[in-house]
Amino acid sequence: MAEGRGGLGDGRLDGIFDAGGRRADDLDQPIDMVGHGSAPVVSCTLHVGGAGQSSSAEAPRQCGRLYLPCPLVSSLIREQSEADRASGRTGFRRHLRSGRACPRQGLSGHGAGAEPDPSTAVLVPFDGAAAERFYIGDLQELDGAPWSCCPRDFLRRGLAALEAEAGLQLKGAFEQELVHLGIEDRPGDAYSLSSFRRQGGFGESVVGALRAAGVMPDSFLPEYAPRQFEVTVKPTFGMRIADEAVITREILRAVAERQGHRVTMAPVMTPDGVGSGTHIHFSLWDKESGDPASSDAAAPFGIAPRIAPFVAGVLHHLPALTAVTAPSVASYYRLQPNRWAPVWAFLARQDRGAALRVAPVFAGAEAKAERQFNIEFRVGDASACPYMALGAIVHAGLDGIRRNMVLPAEVPNFWEMSEKARADAGIRTLPRSLGEALDLLEATAVARDWFGAEFLAAYLEFKRSELKAVEDLEPSDIYFGLSRHVPVVLGETALLFIDVQNYTMPGGGEYAGMDPAEIERKYGFFFREMESRGIPNMQRLQAACREADIEVMYTVIESLTQDGRDMGLDYKISGLFCPKGSRDAQVLDALKPLPDEIIIPKTSSSVFISTNIDYVLRNLGVRYLIIAGALTDQCVNSAVRDACDLGYLVTLPVDACVTQSAERHETSLANNRGYCRQVTTEALIAEITALGHRRPSAR
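Cut-offs and rules
- Residues numbered from 1 in each chain as written.
- Predicted model: local features only at pLDDT ≥ 70, side-chain atom pairs only at ≥ 80, totals over all residues.
- Heavy atoms only, no water.
- Helix = DSSP H or I, 4+ residues; strand = E, 2+ residues; numbered from the N terminus.
- Buried < 20%, exposed > 50% of the residue type's maximum accessible area, 1.4 Å probe, protein only.
- Contact = heavy atoms within 4.5 Å.
- Areas by Shrake-Rupley, 256 points an atom, 1.4 Å probe, with all protein chains shown as cover.
- pLDDT = per-residue confidence, 0-100.
- Expected span 1.5 Å × (residues − 1).
- Pairing = 2+ DSSP bridges.
- Right-handed = clockwise from strand over helix to strand, strands pointing away.
- Lys, Arg positive; Asp, Glu negative; His and termini not counted.
- Salt bridge = Lys/Arg side-chain N within 4 Å of Asp/Glu carboxyl O.
- Phe/Tyr/Trp six-rings, centres within 6.5 Å; stacked < 30°, edge-to-face > 60°.
- Core = buried A, V, L, I, M, F, W, Y, C linked by side-chain atoms within 4.5 Å.
- Axes fitted to C-alpha atoms, helices over the stretch in contact; angles between N-to-C directions.
- Parallel < 35°, antiparallel > 145°, perpendicular 65-115°, else oblique.
- Nonpolar A, V, L, I, M, F, W, Y, C, P; charged D, E, K, R; others polar.
- Disulfide = S-S within 2.5 Å.
- Patch = residues over 30% accessible without salt bridge, like charges linked within 9 Å, V, L, I, M, F, W, Y side chains within 5 Å.

Caption draft 1: Broad picture of the overall build of the protein chain. Regarding its fold elements, the protein chain presents 21 helices and 28 strands. Taken over 699 residues, the protein chain has a buried fraction of 55%. Contacts in the protein chain between residues at least 24 apart in sequence constitute 74% of all its contacts with a sequence separation of at least 6. A total accessible area of about 29,900 Å² is found for the protein chain, and carbon and sulfur atoms account for 52% of it.

Caption draft 2: Quick look at the confidence of the model for the protein chain. Of all residues in the protein chain, 81% attain a pLDDT of 70 or more, and the chain-wide mean is 82. Below pLDDT 50 for its whole length, residues 1-110 participates in 243 contacts with residues either more than four positions away or in separate chains. When the criterion is pLDDT under 50, residues 695-699 qualifies, and its contacts beyond four places in sequence or with other chains add up to seven contacts.

Caption draft 3: Representation of helix α15 (residues 516-547). Between its first and last C-alpha, α15 extends only 40 Å over 32 residues, short of the 46 Å set by a 1.5 Å rise per residue. Just downstream of α15 lies aspartate 549, where phi reads positive at about 60 degrees.

Caption draft 4: Region of interest: the pairing of strand β25 (residues 624-630). Of all seven residues in β25, seven are buried, a share of seventy percent or more. Neither face of β25 is left uncovered, since the one carrying Tyr624, Ile626, Ala628 and Ala630 and the one carrying Leu625, Ile627 and Gly629 both have all their residues buried. Where strand β22 (residues 493-498) meets β25, six bridges bridge the pair, whose relative direction is parallel. Looking across to β25, one finds that isoleucine 498 is bridged to glycine 629. Where β25 meets strand β26 (residues 649-653), three bridges bridge the pair, whose relative direction is parallel. Across the sheet, the residue bridging to isoleucine 626 is threonine 651, located in β26. One crossover worth recording links β25 to the parallel β26 by way of helix α19 (residues 635-645), and it is right-handed. Note: β25 against strand β27 (residues 657-658), two bridges, orientation parallel. The residue bridging alanine 630 from the neighbouring strand is valine 658, located in β27.

Caption draft 5: Looking closely at the side chain of glutamate 177. Within the secondary structure layout, glutamate 177 lies in strand β11 (residues 168-180). Comment: no salt bridge for buried glutamate 177; closest opposite-charge side chain is arginine 334, at 5.1 Å. For glutamate 177, the residues in contact, after removing those within four places along its chain, are Glu223, Gln228, Phe229, Glu230, Met265, Gly275, Ser276, Gly277 and His279.

Caption draft 6: How the structure looks around the pairing of β22. β22 sits mainly inside the fold: six of its six residues count as buried. By the alternation rule, side chains of β22 split into Thr493, Leu495 and Phe497 and Ala494, Leu496 and Ile498, which are all buried. With five bridges joining them, β22 and strand β23 (residues 551-557) adopt parallel strand pairing. Opposite leucine 496, over in β23, you have methionine 553 as the bridge partner.

Caption draft 7: Representation of the packing of aromatic side chains. Per the stated rule, a full pass over the model turns up 20 aromatic pairs. Between phenylalanine 202 and phenylalanine 220 the ring centres are 5.9 Å apart and the planes differ by 65 degrees, which places this aromatic pair in the edge-to-face class. Within this pair, whereas phenylalanine 202 is found in helix α4 (residues 202-212), its partner phenylalanine 220 is found in strand β12 (residues 217-222), the two being separated by 18 residues in sequence. Of the two residues examined, phenylalanine 202 and phenylalanine 220, each falls in the buried class.

Caption draft 8: Main features of the nonpolar core. With 108 residues, the main nonpolar core has Ile303, Phe377 and Phe451 as its most contacted residues. In terms of residue count, the dominant contributor to this core is helix α5 (residues 239-258) (eleven residues). Those residues in contact with phenylalanine 451 that lie beyond four places of it in its chain are Ser148, Phe154, Arg157, Val324, Met388, Leu441 and Leu456. Grouped together as the second largest cluster of nonpolar side chains are 36 residues, Leu495, Phe497, Met505 and Tyr523 included.

Caption draft 9: Looking closely at the environment of serine 331. Within the secondary structure, serine 331 is located in helix α7 (residues 331-334). Assessed through its relative accessible area of 0%, serine 331 is described here as buried. Linking serine 331 and alanine 382, residues 51 residues apart in sequence, is a C-alpha distance of 9.2 Å. Filtering out sequence-adjacent residues up to four positions away, serine 331 remains in contact with Pro267, Ala326, Asp381 and Ser383.

Caption draft 10: Broad picture of the pattern of salt bridges. Evaluation of the coordinates by the stated rule reveals 31 salt bridges. Among the ionic pairs, arginine 623 bridges to glutamate 492, the shortest N-O distance being 3.3 Å. Taken as a pair, arginine 623 in the loop between α18 (613-619) and β25 and glutamate 492 in the loop between α14 (475-479) and β22 lie far apart in primary sequence, 131 residues in all. Residue arginine 623 is classed as partly exposed on the basis of its relative accessible area, which comes to 41%.

Caption draft 11: The arrangement of α4 in detail. In terms of burial, α4 is largely enclosed, as eight of its eleven residues are buried. The complete set of buried residues in α4 reads Phe202, Gly203, Ser205, Val206, Gly208, Ala209, Leu210 and Ala212. Packed against the buried residues of α4 are β9 (113-126), β11, β12, β13 (228-233), α5 and β15 (263-264).

Caption draft 12: Quick peek at the packing of α19 against helix α20 (residues 662-672). Packing of α19 against α20 brings their axes to within 11 Å, and their N-to-C directions diverge by 5 degrees. Accordingly, the angle class assigned to the pair α19 and α20 is roughly parallel. When α19 is examined against α20, the residues Asn637, Val640 and Arg641 are found in contact with a partner set consisting of Ser668, Asn671 and Asn672. Split into classes, the residues belonging to the contact of α19 with α20 amount to one nonpolar, four polar and one charged.

Caption draft 13: Seen up close, the environment of glutamine 634. Within the fold, glutamine 634 resides in the loop between β25 and α19. C-alpha of glutamine 634 to C-alpha of serine 605: the two residues are 29 residues apart in sequence and 7.0 Å apart in space.

Caption draft 14: Quick peek at the state of the cysteines. Going through the model one piece at a time under the given rule, you end up with zero disulfides. Considering cysteine sulfurs only, cysteine 644 is the nearest to cysteine 676, which forms no disulfide, with 8.1 Å between them.

Caption draft 15: Inspection of the environment of alanine 130 at higher detail. Summarising the element assignment, alanine 130 is placed in strand β10 (residues 129-140). Taking relative accessible area as the criterion, alanine 130 reaches 53% and is therefore assigned exposed. Separated by 128 residues in sequence, alanine 130 and arginine 258 place their C-alpha atoms 8.6 Å apart.

Caption draft 16: Geometry of a nonpolar patch on the surface. On the surface, Tyr191, Tyr224 and Trp340 cluster together into a nonpolar patch covering about 350 Å² of accessible area. Looking at the element boundaries, tyrosine 224 is found in the loop between β12 and β13. In this structure tyrosine 224 comes out as partly exposed when scored by relative accessible area, which is 34%.

Structure representation (structure tokens):
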């Protein structure tokens with residue numbers, strides 16, 4: 001994307017439509033909302049970030065439009081932008097009535113409306129793809145009053161009280177970490193130039209798109225974990241801090257999607273890996289003078305006495321705040337010792353292990369130290385709603401100002417202290433689970449004033465329902481929720497062998513008429529690898545899967561006709577041809593299928609392109625696919641990538657697939673790590689064996 005390309009446009013909503021595509025303004029009656037299938041749609045995205053927002057939930061899209069979730073948004077979209085009204089275009093006030101009673105959510109039972117905020121309008125054009133267009137909205141009652149459970153109003157109320165009671169304005173920015181799922185996983189590349197190279201044009205496009213969206217990017221950098229990056233933006237004031245956090249997240253997803261990839265900001269990806277956090281930097285400025293008010297080099301921690309009570313309030317309430325800033329079960333898998341994340345509620349200067357960190361002032365910028373000075377809140381991740389996370393910090397800080405809380409003494413040797421010494425110094429551990437954090441929030445009496453009784457009750461109820469939903473899952477199931485590194489599941493797994501047939505082995509038709517010396521030179525490595533490693537490991541996998549009653553399937557190069565006229569063009573050009581029913585098209589005797597095992601003939605490199613295998617797999621209930629066979633960097637590679645793109649979780653046993661050189665094999669594995677889980681045959685068999693039997697075999 002060319003830097004700065006495109007602007008915000010006039011921020012105009014294109015209209016409200018029913019599920020049949022009829023414009024609301026053209027209808028003589030309100031639109032009925034009878035569940036997601038017939039909910040109205042708005043042709044731009046509308047962010048409503050409710051208390052019940054799940055970190056993994058994504059709204060269904062159709063033709064660039066976003067379905068509004070009717071249990072949450074069941075009433076009203078108001079006028080279009082100021083630009084519409086100024087130009088004489090008619091805004092729409094179309095009431096939407098619920099076609100059935102909404103399920104009880106612990107929220108207002110009479111409905112709420114989504115009011116787009118024109119100041120948040122985003123319109124980012126992409127070369128050769130649809131533009132990214134959305135607004136951020138407030139949740140309101142039908143009379144226009146703020147809804148009691150509106151996250152934006154939660155933050156807005158805190159900011160207004162901070163200005164009214166203390167004469168202070170909040171300035172800040174979100175520092176957000178992400179994992180790019182579309183590039184090679186190469187451990188050992190922490191913070192490296194190599195890591196930056198491998199992301200290609202993603203970072204450049206993100207920076208350009210942020211500028212086009214009205215957000216000033218600060219940096220895009222490789223981080224510590226494999227495929228992990230960090231994006232920061234220029235600090236701003238008030239509501240816009242959280243607005244830009246939401247816009248940044250959506251731009252990251254939008255750019256990745258248009259480049260054919262995905263990103264995740266999940267707190268953790270693997271049990272032993274480093275997670276991704278969301279850190280919030282903030283400082284306080286005098287409302288009247290507009291001057292920074294946070295810094296005093298002579299004061300403890302360098303924090304000015306005027307704002308010290310604010311920071312003390314945040315520190316005092318920090319264990320309870322984690323229920324809002326780290327609000328998922330997986331969040332607490334990250335908040336563990338030695339995971340580059342805080343586990344103690346303490347304040348320190350320039351200590352990345354602290355929950356609250358006095359950020360450093362850059363060398364050479366001492367003259368502007370007061371303007372650079374900020375506090376970094378490090379106990380957060382992207383499962384949190386930015387408005388709620390920042391709002392919780394503001395409300396906690398206000399409580400510190402109201403009660404004139406005092407900062408603790410500086411502890412210069414925190415990491416050398418015993419746990420008893422830390423406890424004696426009043427330093428508390430952070431919660432070790434979401435349940436513990438929610439209990440602390442519920443026990444914080446002043447939190448009822450921050451949220452309001454209805455909002456707090458709804459939030460606690462929703463989050464505890466999440467805990468209930470995953471209580472029977474193993475931690476590994478939750479770790480892997482946003483990862484391809486998942487174990488196979490009995491009843492939902494198939495083993496697929498690729499091109500293990502007579503055609504590709506000695507004496508096969510692929511080598512007809514070739515000189516033996518040429519065959520040895522070109523294919524000797526392949527034959528030896530197949531005999532010594534590939535076939536034995538495939539046999540072991542085949543036996544283990546049959547024992548566990550995992551579906552075993554095969555695909556072979558085989559035309560549907562005797563003369564091969566149906567073969568794919570590339571196969572015709574390459575001279576690959578196995579007549580229907582020929583010996584060349586048969587699976588190797590060493591891997592001979594059982595009578596009821598499925599064999600699918602294919603006429604192109606990818607079995608997913610030239611066959612109905614996707615239909616067959618879905619009929620079998622398969623979600624997890626083990627792929628083995630030949631060649632690693634050709635037909636196996638095609639199957640892995642296509643299966644991944646079609647939504648299968650692919651496992652590739654690295655020593656049960658073979659190609660024509662060790663270099664080609666390793667290069668293909670490296671390039672495919674972004675599409676599959678890679679394991680050894682031995683490890684996979686142990687995993688399958690531990691699962692036991694799904695049911696007595698019917699075959």
